[in-house]
Amino acid sequence: MRDINASIPFDKRLWRQDIAGSRAHAAMLGAQGIVEAADAAAIDAGLATIAAEYEAGGVPEDLALEDIHMTVETRLAALIGPAAGRLHTARSRNDQVATSFKLWVRDAIDAIDAGLAAFVAALLTRAEEHAATVMPGFTHLQIAQPVTLGHHLMAYVAMARRDRGRFADARARLNECPLGSAALAGTGFPIDRAATAAALGFARPTANSLDSVSDRDFALEFLSAAALTGLHLSRLAEEIVVWASQPFGFVHLPDAFSTGSSIMPQKRNPDAAELVRGHAGRLIGDLTALLVTMKGLPLAYSKDMQDDKPPVFEAYDLLALSLAAMTGMVETLTFVPDRMATAAGAGFSTATDLADWLVREAQIPFREAHHITGRAVKAAEAAGTGLADLPLVDLQAIDSRIDARVFDVLTVAKSVASRTSFGGTAPDRVRAAIAAARAAA
Ligand code: ARG
């Protein structure tokens with residue numbers, strides 16, 4: 001029983017938040033005259049000492065004490081004697097754990113947001129550097145149309161911006177204080193829930209005591225935002241793995257973010273990117289774990305809920321590390337513009353530009369232009385050249401309305417420069433997007 005019941009091996013991570021919650025509660029008990037001022041002061045001093053002890057290395061642990069809450073209270077009794085017993089007036093471990101855990105998740109959100117901000121800053125720097133660097137844009141991992149590397153990197157800025165929005169939403173919703181809900185029904189003591197909520201930086205107290213002690217939406221929202229962020233990092237990681245492969249050769253990984261092989265001396269493996277991709281699987285697992293834990297629970301608290309913390313702690317650790325590693329990779333990757341430019345011109349990537357030119361300059365309906373372009377691609381394929389290298393006479397043999405001006409749009413650089421629509425890949429658009437992202441940050 002002792003072994004299955006204990007959460008102290010993992011929930012000691014809540015020590016700061018447990019002590020902060022207890023200090024706010026004790027101050028409120030003193031201010032309301034529920035506990036004598038001298039006892040409230042002794043409790044506060046004792047809790048401050050325990051915080052210093054944790055800071056300096058820890059407090060003795062005993063599995064029989066179950067969790068961080070009982071560990072701190074027991075330590076308090078050892079330090080200040082019987083007055084410690086007054087701390088647990090008008091509360092329960094159920095509102096205590098909910099409060100501590102919310103405070104922890106709130107801090108975790110702030111730390112992840114800082115990590116996301118650093119990741120975005122790294123992306124913006126590289127996007128600016130490569131606003132006009134051309135690369136192939138893919139659909140189905142087939143070369144589709146040329147794009148700029150800056151535009152490609154800015155796609156991840158767009159994802160990170162949504163991720164930050166999701167964490168911010170979760171933070172705003174979680175910021176209500178459960179303390180004072182007691183075991184499940186509230187309390188008869190004349191507590192001041194608004195005071196403890198304010199002392200702990202919450203916007204207000206929670207509205208329903210039953211919900212307060214049984215709600216873990218805040219943890220699930222954190223895990224959900226973390227899983228989605230991990231998914232985005234994993235997609236970038238996958239691109240780095242592909243780009244770093246020899247057939248692509250779009251990037252060169254710095255030594256700091258690659259590893260050698262124990263038997264193949266030539267290898268530079270993108271292990272950090274692969275682990276970011278792998279960690280996303282675990283992040284999704286953490287979300288799934290808590291969703292399934294919660295789905296069958298009746299109101300209010302059930303001990304199953306003790307299992308809420310390991311997936312949240314794991315998700316935080318994995319995501320913080322993945323963000324740091326990905327930021328480091330983005331900052332230090334060497335892009336290989338020559339390889340990207342060569343690939344950008346392959347696969348008749350400017351075929352759409354030819355079709356668009358026929359529509360624009362020869363007033364040909366798009367569907368017919370598409371058909372003419374298909375014949376031009378076939379001719380280039382047969383000649384073993386790119387579209388821009390086809391002699392004008394060959395193009396005119398396909399359709400007499402084509403003239404020499406068409407070569408203005410058939411190069412990769414002209415293609416990307418022409419895509420000036422809002423949100424498009426033209427270098428000027430990318431620079432504007434970077435400026436807008438910086439202004440919004
Ligand atoms: N160790 C518990 C947890 O982490 C604390 C709450 C215990 N409450 C109870 N009624 N047994 O969830």
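The rules behind each value
Residues numbered from 1 in each chain as written. Predicted model: local features only at pLDDT ≥ 70, side-chain atom pairs only at ≥ 80, totals over all residues. Heavy atoms only, no water. Near = heavy atom within 4 Å. Polar contact = N/O pair within 3.5 Å; in protein donor to acceptor, adjacent residues only side chain to side chain. Areas by Shrake-Rupley, 256 points an atom, 1.4 Å probe, with all protein chains shown as cover. Helix = DSSP H or I, 4+ residues; strand = E, 2+ residues; numbered from the N terminus. Core = buried A, V, L, I, M, F, W, Y, C linked by side-chain atoms within 4.5 Å. Buried < 20%, exposed > 50% of the residue type's maximum accessible area, 1.4 Å probe, protein only. Contact = heavy atoms within 4.5 Å. Patch = residues over 30% accessible without salt bridge, like charges linked within 9 Å, V, L, I, M, F, W, Y side chains within 5 Å. Salt bridge = Lys/Arg side-chain N within 4 Å of Asp/Glu carboxyl O.

Quick look at the site of the ligand now. In the neighbourhood of the ligand, the contacting residues comprise Ser 7, Glu 66, Asp 67, Arg 93, Asn 94, Val 97, Tyr 301, Gln 306 and Lys 309. Measuring from a nitrogen atom of the ligand, one finds a side-chain N or O atom of Glu 66 at 2.9 Å. In the model, a nitrogen atom of the ligand is placed 2.8 Å from a nitrogen or oxygen of the Asp 67 side chain. Notes on the ligand: free accessible area 350 Å², of which the protein chains cover 85%. No other element matches the three residues that helix H6 (residues 93-129) contributes to the shell around the ligand.

A general tendency of soluble globular proteins is for nonpolar side chains to be buried together. In terms of nonpolar packing, the biggest core is built from 87 residues, with Val 105, Phe 119, Phe 167, Phe 222, Trp 243 and Met 326 touching the most fellow members. If near-sequence neighbours (up to four positions away) are discounted, Phe 167 is found in contact with Ile 109, Ile 112, Leu 116, Phe 222, Ala 225, Ala 226, Thr 229 and Leu 319. One finds Ala 351, Ala 355, Leu 358 and Ala 369 within the second-largest nonpolar core, a separate group that totals 21 residues.

Following the sequence through the fold, Ser 349 ends up in the loop between helix H13 (337-345) and helix H14 (351-362). Beyond its immediate sequence surroundings of up to four residues, Ser 349 is in contact with Ile 143, Ala 144, Gln 145, Pro 146, Ala 344 and Val 412.

What follows deals with the environment of Ile 434. Considering the arrangement of structural elements, one finds Ile 434 in helix H18 (residues 427-440). Given a relative accessible area of 1%, Ile 434 falls into the buried group. Leave out the neighbours within four places in its chain, and Ile 434 touches Leu 124, Ala 127, Glu 128 and Met 154.

Another aspect to go through is a nonpolar patch on the surface. A contiguous nonpolar patch, built from Leu 184, Leu 210 and Leu 299 and spanning about 270 Å² of accessible area, is present on the exposed surface. Within the secondary structure, Leu 210 is located in helix H9 (residues 209-214).

So yeah, pure geometry; function would need other evidence.
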